[in-house]
Amino acid sequence: MDVARRQMVLVAFLQAQNCSNYPASWRHAETATDFLSPEYFQRIGRTLEDAKFHLAFFDDRLAMPDRYGDDFAESVRHGIRVVKLDLIPLLTAMGLATRHLGLGGTYSTTYAEPFHVARTFATLDHMIGGRAAWNIVTSLNDSEAANFGAEAHPDHDERYDRADEFVEVVLGHWDSWEDNAIVLDRARGVFADPAKVHRLDHRGKWFRSRGPFTVPRSPQGRPVLIQAGQSGRGRRFAARWGELLFVIFPTLDFARQAYREIKDEVVRLGRDPDLVRLAPAIYCVVGETHAMAEDKAAYIEHLAHPLDTLVLLSEVLNYDFAKKGLDEPFTDRELAGLSGLQATRDRVVRLSGKPNPSTRDFIQWSGRGTLREMPRFVGTPSEVADGLEEWFTSRACDGFVLAATHMPGAYEDFARLVVPELQRRGLFHQDYVGTTLRENLGLPRPRRGEWVREA
Ligand SMILES: Cc1cc2nc3c(=O)[nH]c(=O)nc-3n(C[C@H](O)[C@H](O)[C@H](O)COP(=O)(O)O)c2cc1C
């Protein structure tokens, strides 16, 4: 990549639910309440597009948080991320209200079928003119398993082994129509050339899927692949498949080292590291003066409820924290058994300096459900831009996944105050260069079958 023209990727980290990534955001006085309407999401899409964001990305979970105390009542009462709408109608609604913004959604390899995911995202890519992206996740907990008829969520590494095959099936289907397969010759009565439509005939360890696929090759060749694995196994998976990699890097030093390691892993797998963009999740609180930004951040922080963190820790670590005394250390066996987000467990061990942390350490060092979970940039537009510039130019990242402290105000503030400053510094594009998400990310349209060699 031309170093002089290296510019950051900006992604908005959205939720199809009653709050932003910050669970207390629904308690914010300025948070919009019409989150069950298409207008809410379309308004956010237009704000992001006016600010030239590359992508609006929705995370997902297939259950509400009910691991803590084996109950959902407190999560529902306190609004701790309990609403989760299906993403595809939202992405479609936003796509129809925008023309350039990329739109990404999360679908699980553990609880969906590859044919279904391939069909859904290829269709979406057609309907929104080549702007679709799929975030590949393996899901986290037993509550999700229970909603899909399973006893328990499968083990961490096994989920990734299965996910590898899942992605092979999806990509195989996406490649099964050649670009010029549709002929539409009414005079000869030929709709499409059968020699250019192929059956996948996949029979593997986990999946069988025959084909032929029912959606012609999509405008981007295939939707952009997002991945956010952070454990050793997760990073290998991300480096194999991901084009946009999302991470949580707690500090700048950690980020610089992890960035190098992940790019090295991409190279080891025979891929071009410049075609894989790495973006850590962050919060920004920006104000016209430093004091105004600090006041805003203090107000946002005071909205947190003590249960937010415990409920969300239980959700992501697939463990009921109500079973454990606040200062009782986790045994080695208990730590090994935390099968959800291993990155969260590893972060707590690393940052606390304790091989056997307690619940109190998990609350303090995970920062789950608080603004401490991710790096925060609080200040004036130029102070926030200074922080982002330092991360970007010192190769700690290729861009950012901006989580909102409240909706949609956090994005409106960022768009109005920070984006012009980043553009003035030449760190962020002035406008979209193409019509597809791939074009705007500088990713070439993949040739059919290319990923087989990549793998
Ligand atoms: C920015 C970001 C967004 C994520 N979105 C989701 C999501 O929507 N659903 C989900 O189940 N996991 C999500 N994850 C979790 C990752 O897919 C992954 O499981 C996690 O980072 C831990 O890595 P590991 O699976 O290698 O242990 C997200 C992670 C990050 C950093």
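No experiment lies behind these values; they were computed from the predicted model shown.

Trainee: Sorry if this is basic, but what is going on with the pattern of salt bridges here?
Mentor: Side chains that carry opposite charge are capable of pairing whenever their charged atoms lie near each other. In this structure the tally under the stated criterion is 37 salt bridges. With a closest N to O distance of 2.8 Å, R425 and D386 form a salt bridge. Pair noted here: R425 is in the loop between α15 (409-424) and α16 (437-441) and D386 is in helix α14 (residues 381-393), with a separation of 39 residues, a long-range link. The residue E389 makes a salt bridge to R425 at a minimum N-O spacing of 2.8 Å. Remark: R425 occurs in the loop between α15 and α16 and E389 occurs in helix α14; sequence separation between them is 36 residues. On the basis of relative accessible area, E389 is assigned to the partly exposed category, the value being 26%. Residues participating in the shared-partner salt-bridge network are D161, D164, E168, R233 and R240.

Trainee: Please explain the site of the ligand as it appears in this structure.
Mentor: Taken together, 20 residues lie near the ligand, and D60, Y160, A228, Q230 and S231 sit nearest. The contact in question runs from an oxygen atom of the ligand to an N or O atom on the side chain of H156, over 2.8 Å. Measuring from an oxygen atom of the ligand, one finds a side-chain N or O atom of Q230 at 2.7 Å. Going through the elements one at a time, β4 (132-137), α6 (156-174) and β10 (244-247) are the ones with two or more residues in the shell around the ligand. Taken together, the residues of the shell around the ligand sort by class into 8 nonpolar, 9 polar and 3 charged.

Trainee: Help me understand α15 in this model?
Mentor: An α-helix turns once every 3.6 residues. As a result, residues three or four positions apart point the same way. With 16 residues, α15 should cover 22 Å at 1.5 Å per step; its first-to-last C-alpha distance of 23 Å lies within 8% of that length. Bending of α15 peaks at approximately 40° at the position of A415. Counting buried positions over the 16 residues of α15 gives 12, a clear majority of the element. For α15, the full list of buried residues reads G409, A410, Y411, D413, F414, A415, L417, V418, V419, E421, L422 and Q423. Packed against the buried residues of α15 are β1 (9-14), α1 (38-50), β11 (277-286), α9 (290-302), α14 and β13 (399-403). Backbone geometry just after α15 places G426 at a positive phi near 75°.

The rules behind the values
- Residues numbered from 1 in each chain as written.
- Predicted model: local features only at pLDDT ≥ 70, side-chain atom pairs only at ≥ 80, totals over all residues.
- Heavy atoms only, no water.
- Salt bridge = Lys/Arg side-chain N within 4 Å of Asp/Glu carboxyl O.
- Helix = DSSP H or I, 4+ residues; strand = E, 2+ residues; numbered from the N terminus.
- Buried < 20%, exposed > 50% of the residue type's maximum accessible area, 1.4 Å probe, protein only.
- Near = heavy atom within 4 Å.
- Polar contact = N/O pair within 3.5 Å; in protein donor to acceptor, adjacent residues only side chain to side chain.
- Nonpolar A, V, L, I, M, F, W, Y, C, P; charged D, E, K, R; others polar.
- Expected span 1.5 Å × (residues − 1).
- Bend = angle between axes of the 7 residues up to and from the residue.
- Contact = heavy atoms within 4.5 Å.

Read these as geometric descriptors, not functional statements.
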